[in-house]
Amino acid sequence: MSPVSGFADTHNHQFARFAFGGRVLWGSAAAADAELGSCRPEHGPHGLFDLPGNLSRILLRTGSITSLLGHRTDGAPDFPAWPRWHDLTHQAVPRSALKRAVDGGLRLLVMPAVNNELLGRLTRGAHYHDMAAADLQLRAAKQFEAMIDAEAGGPGRGWYRIVYTPEQARRTIGEGKLAVMLSIEVDGLFGDVIGPHSTAGELEAQVDRYHAMGVRHVFPIHLKNCAYGGTALATSLHWSRNSGPVSKANPPLSLPVYRMTTVARTADGYDYRGGHCNADGLTPLGETLIRLLMERGMVIEVDHMGARSRADVLRLTGAAGYPVVAGHAELLSLAGRGERSEFLLTDAEVTAIGRQGGVVAPKLRQLSVAAPGGLRGTAATFLTAYRRVRELLPDAPIPFGTDLNGFAGMPRPRPGEVPLDYPFTSPVTGAALDRGRLGSREFDINADGVAHVGMLPDFVSLLLRHGLSEEDARPMLDSALGYVRAWERAVEAR
Ligand SMILES: [Zn+2]
Ligand SMILES: [Zn+2]
């Protein structure tokens, strides 16, 4: 294969340890393997206090009802219970594993500082406010960079580089290092400082403040309706304000946490909860935010938006020829019955994003892709989504978004399928990689699935074993530079 720049992970919560009040995710991303000890101090004996983790394993279909009984807490040196593909609350981006991913061809990472205040309150954490949590994660990324630099002999020498311009990203990728873009993904961007009645000037001051802190990628909207617009009705925490309890829009097990006015849009292909979608698009302040981000060449993320908000963003950015990104996307045209929510991109949206020079990165664990029972969320379902994006956008780069440390779960192993033989050769670096290790535990993708970030090279090579041709793999293997090109277009169009 002719040289490729490496692959990109466009959604990785490396520092989510500092999100949700700091009491949900166990284990520091900066720790050496030996320092990743038992989670008992936070998760309690048998992990019984890890309610978010134990509960979400059921809600997100990564585990069974027995998850509620807790989990083994031991960590280093033999990591008997975590990290695992189905685990959501233990560090999945440990430092040594991230380095292995870089050795195997990972060259660009988008690191959204993430938060959800509800989870922070439920776990009685400190600093659970959205922007306090974001600030901690942005700072942690800079400290991590400084630590890796110090190990490598001084400032600028390490393999982990936060990049502030597309030129820096290009140079970093060319040097075989990891280019890291800082991002924010919280429910209330800029926190209580900005409300529906804030002025454009007040908003601009906040955008400038975070731009100065290094943020180059932004989620205007996350899990709830905010000052900027309407979120996607897409999880059991979403609730239709104008439909009755126990209705099509509010079925049993949905909870009135994040409320919104909805309309049924079955004619547009949606069928999740009776096809209900958020009635609200962007607010005037949301339109101002999009304009401010465009003026600064910042990358705008359209995932998590309601369909109307996304349509508004595509209209505003489309008119300016400005690219946008869907960094952990799922696709409506592939989803099973009852799964077609407005979080998922329609083919028309994918095409529009491509026309504007943007990027659609399928989420690594494609849970909405229809497949019999246990076969959901495997390498095969990722490949189905990847191929669909390739059909729709034959000339675009196609990275993936892992959502590691982000309550997503990773692709599971699928015994009986074509195995990856170890050692394998990275199609990016040519390096021979044997089974990766954390402490004394060996990880094998055939048995473990994607247990942590260090297994991304194994995952990419497994896709090649699954019949992904070199030509078809190229948009992924070269997605690091491809993503930078989209960023360059944003900077040029500003
Ligand atoms: Zn635990
Ligand atoms: Zn996320």
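In short, a report on the structure.

Quick notes on the rules
- Residues numbered from 1 in each chain as written.
- Chains lettered and ligands numbered in written order.
- Predicted model: local features only at pLDDT ≥ 70, side-chain atom pairs only at ≥ 80, totals over all residues.
- Heavy atoms only, no water.
- Salt bridge = Lys/Arg side-chain N within 4 Å of Asp/Glu carboxyl O.
- Helix = DSSP H or I, 4+ residues; strand = E, 2+ residues; numbered from the N terminus.
- Buried < 20%, exposed > 50% of the residue type's maximum accessible area, 1.4 Å probe, protein only.
- Donors = N, O, S within 2.8 Å, 3.2 Å for Na, K, Ca; no water.
- 1 Å grid on protein atoms, 1.4 Å probe; cavity = no way out; pocket = protein on both sides within 12 Å on 5 of 7 lines; lining within 4 Å.
- Points joined across faces, edges and corners; volume = space filled by probe spheres on them.
- Nonpolar A, V, L, I, M, F, W, Y, C, P; charged D, E, K, R; others polar.
- Tetrahedral: all angles 85-135°; square planar, octahedral: opposite > 155°, others 65-115°.

1. What about the pattern of salt bridges?
- Considering all chains together, one arrives at 28 salt bridges under this definition.
- Of the charged contacts, one joins Arg-315 and Glu-287 as a salt bridge, the two residues approaching to 3.7 Å between their closest N and O atoms. Taken together, the residues Arg-315 in helix H9 (residues 307–319) and Glu-287 in helix H8 (residues 284–295) connect sequence positions 28 residues apart.
- Judged by its relative accessible area of 31%, Glu-287 falls in the partly exposed class.
- Arg-414 is the partner of Glu-417 in a salt bridge, and the nearest nitrogen-oxygen pair spans 3.9 Å.
- Each of Glu-204, Asp-208, Arg-291, Glu-295 and Arg-296 takes part in a single network of salt bridges with overlapping partners.

2. Structural notes on the coordination of the zinc ion (ligand 2)
- Around the zinc ion (ligand 2), the protein contributes the donor atoms His-11 (NE2), His-13 (NE2) and Glu-185 (OE), at 2.0 to 2.1 Å from the metal centre.
- Between consecutive donor residues of the zinc ion (ligand 2), the sequence gaps follow H-x1-H-x171-E. A residue pair is termed long-range when its members are at least 10 positions apart, and His-11 in the loop between strand E1 (7–9) and helix H1 (40–43) and Glu-185 in strand E4 (residues 178–185) qualify at 174 residues.

3. Comments concerning the layout of surface pockets
- Put simply, the second largest pocket is a space of about 150 Å³.
- Contributing elements (two or more residues each) for the lining of the second largest pocket: helix H14 (470–477) and helix H15 (479–493).
- It is H14 that contributes the most residues to the lining of the second largest pocket, three residues altogether.
- Residue composition of the lining of the second largest pocket, by class: four nonpolar, one polar and six charged.

4. Quick look at empty space enclosed by the protein
- Overall, the coordinates contain three cavities of 30 Å³ or more when judged by the stated rule.
- Its boundaries defined by the atoms lining it, the largest cavity holds a volume of some 110 Å³.
- Lining the largest cavity are 18 residues, with Asp-87, Leu-88, Ala-92, Leu-404 and Asn-405 positioned closest to its centre.
- Of the residues that constitute the lining of the largest cavity, the class distribution is 10 nonpolar, five polar and three charged.

5. Notes on helix H13 (residues 456–465)
- A large share of H13 lies buried, amounting to eight of its 10 residues.
- Along H13, the positions that sit buried rather than exposed are Leu-456, Pro-457, Asp-458, Phe-459, Val-460, Ser-461, Leu-462 and Leu-463.
- Gly-467 lies just past H13 and shows a positive phi near 95°.

6. Focus: the coordination of the zinc ion (ligand 1)
- The zinc ion (ligand 1) binds to the protein through Cys-39 (SG), His-43 (ND1), His-71 (NE2) and His-90 (NE2), with metal-donor distances spanning 2.0 to 2.2 Å.
- Taken together, the four donor atoms coordinating the zinc ion (ligand 1) span angles of 101 to 117° at the metal, a pattern that classifies the geometry as tetrahedral.
- Mapped onto the sequence, the residues coordinating the zinc ion (ligand 1) show the spacing C-x3-H-x27-H-x18-H. In this pair, Cys-39 sits in the loop between E1 and H1 while His-90 sits in the loop between helix H2 (51–59) and helix H3 (95–103), placing the two residues 51 residues apart along the sequence.
- Taking the relative accessible area as the measure of exposure, Cys-39 reaches 0% and is therefore buried.

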